[in-house]
Amino acid sequence: MSQRELEGQVALVTGGSRGIGRAIAEALAEAGAHVAVVARNAAGAEAAAAELPGDGHRGYGCDVASSEAVAETVGAVEADLGPVGILVNNAGITRDNLLLRMKEEDWDAVLDVNLKGAFHTVKAVTKGMMKRRDGVIINVASVVGLMGNAGQANYAASKAGLVGFTKSVARELASRGVRCNAVAPGYIRTDMTADLGDAQAEALQESIPLRRLGDPDDISGVVRFLAGPGARYITGQVLAVDGGMVM
Ligand code: NAP
């Protein structure tokens, strides 16, 4: 991998203010990209962008569940930084509960952010990518979308949906020079998994062949690879980055 293989490209990372998204934003910035960090909390997005290595990064407050907000934000990013060549759909939430206790609003909230959010961002950036016959889309799914998980029917459905979405977008846009892949992280230490108690973490570790939970950097290097020229012949794939949980 060359040191700055994404030099001068513009990357938009949703959920880039914290956790996995923040590590992805850092990795893409280290590769030379100008990064648009998107999150609901504008101050958080701006602060994260300001701390990225290099210059030409910006933060934007935007709820990806809103098609209007996404269209407006992508317009602002393209005016500020230039055409988006790399899109990383990483924003995600959980509203866990057993199926019989799961409220319809919790189902809708998770699907609206995790799945529909990606639909909105892809729609907003692909016209330009197709015109330029160049673009990369990376969706952050989850092993839960591949395996299912008790208490996460809404989340698992959203992530399995992202897998189908990824493959459909890949098939539809390959002839236009746009690649679309997904990563499916296992259990990664972030705010999202902060509630995991020590006993639970230990039990989980036992089920992971590499015997540890992951860190955001375990994911960001893979996203950097998928965004770059080393992955130019890869599209429509779902790469599990999970210490071997799914094989
Ligand atoms: P996290 O620490 O909770 O961070 C979530 C990020 O998404 C934050 O930047 C948050 O910022 C943003 N966000 C949430 N809702 C949003 C919305 N509606 N619009 C725009 N931004 C929004 O989560 P994480 O653990 O890093 O997870 C990142 C992605 O990896 C998610 O898609 C998650 O499902 C997936 N994943 C995580 C794990 C894991 O073990 N952690 C495993 C598999 C997959 P604001 O709050 O300011 O909006």
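Please refer to the structure higher up on the page.
Residues numbered from 1 in each chain as written. Predicted model: local features only at pLDDT ≥ 70, side-chain atom pairs only at ≥ 80, totals over all residues. Heavy atoms only, no water.

Undergrad: Quick question: what am I supposed to make of the sheet that holds strand E3 (residues 58–61) here?
TA: Across a sheet, paired strands are connected by hydrogen bonds in the backbone, their directions being either parallel or antiparallel. Read from one edge of the open sheet, 7 strands run E3-E2-E1-E4-E5-E6-E7, paired in parallel fashion. Bordering the open sheet on either side are E3 and strand E7 (238–241), each of which pairs with just one other strand. Strand-to-strand, the axes of this sheet are offset by a mean angle of 20°, without reference to chain direction. Across 6 bridges, strand E5 (residues 135–140) lies against strand E6 (residues 178–185) in parallel orientation. Paired with Ile 138 across the bridge in E6 is Asn 181. Each of strand E2 (34–39) and E3 touches helix H2 (residues 42–50); the most contacted strand, E3, lies at about 170° to it. (Pairing = 2+ DSSP bridges. Helix = DSSP H or I, 4+ residues; strand = E, 2+ residues; numbered from the N terminus. Axes fitted to C-alpha atoms, helices over the stretch in contact; angles between N-to-C directions. Contact = heavy atoms within 4.5 Å.)

Undergrad: Sorry, what's going on with the site of the ligand here?
TA: Looking at the ligand, there are 29 residues lining it, with Arg 18, Arg 40, Asn 90, Tyr 155 and Thr 190 nearest. Residue Gly 15 places a main-chain N or O atom 3.2 Å away from an oxygen atom belonging to the ligand. Within the side chain of Tyr 155, a nitrogen or oxygen atom sits 2.5 Å from an oxygen atom of the ligand. Isolated, the ligand exposes 880 Å² of accessible area, and the fraction of that covered by the protein chains is 95%. Breaking the shell around the ligand down by element, the ones donating at least two residues are helix H1 (19–30) and helix H6 (153–173). Across the shell around the ligand, the residue classes tally to 14 nonpolar, 10 polar and 5 charged. (Near = heavy atom within 4 Å. Polar contact = N/O pair within 3.5 Å; in protein donor to acceptor, adjacent residues only side chain to side chain. Areas by Shrake-Rupley, 256 points an atom, 1.4 Å probe, with all protein chains shown as cover. Nonpolar A, V, L, I, M, F, W, Y, C, P; charged D, E, K, R; others polar.)

Undergrad: What is the right way to look at the pattern of salt bridges in this model?
TA: Close approach of charged atoms allows side chains with opposite charge to pair. The final tally for this structure, using the stated rule, is 6 salt bridges. Notably, a salt bridge pairs Glu 5 with Arg 224, separated by 2.8 Å at the nearest N-O pair. In this pair, Glu 5 sits in the segment before strand E1 (10–14) while Arg 224 sits in helix H8 (residues 216–227), placing the two residues 219 residues apart along the sequence. Each member of the pair, Glu 5 together with Arg 224, is buried. (Salt bridge = Lys/Arg side-chain N within 4 Å of Asp/Glu carboxyl O. Buried < 20%, exposed > 50% of the residue type's maximum accessible area, 1.4 Å probe, protein only.)

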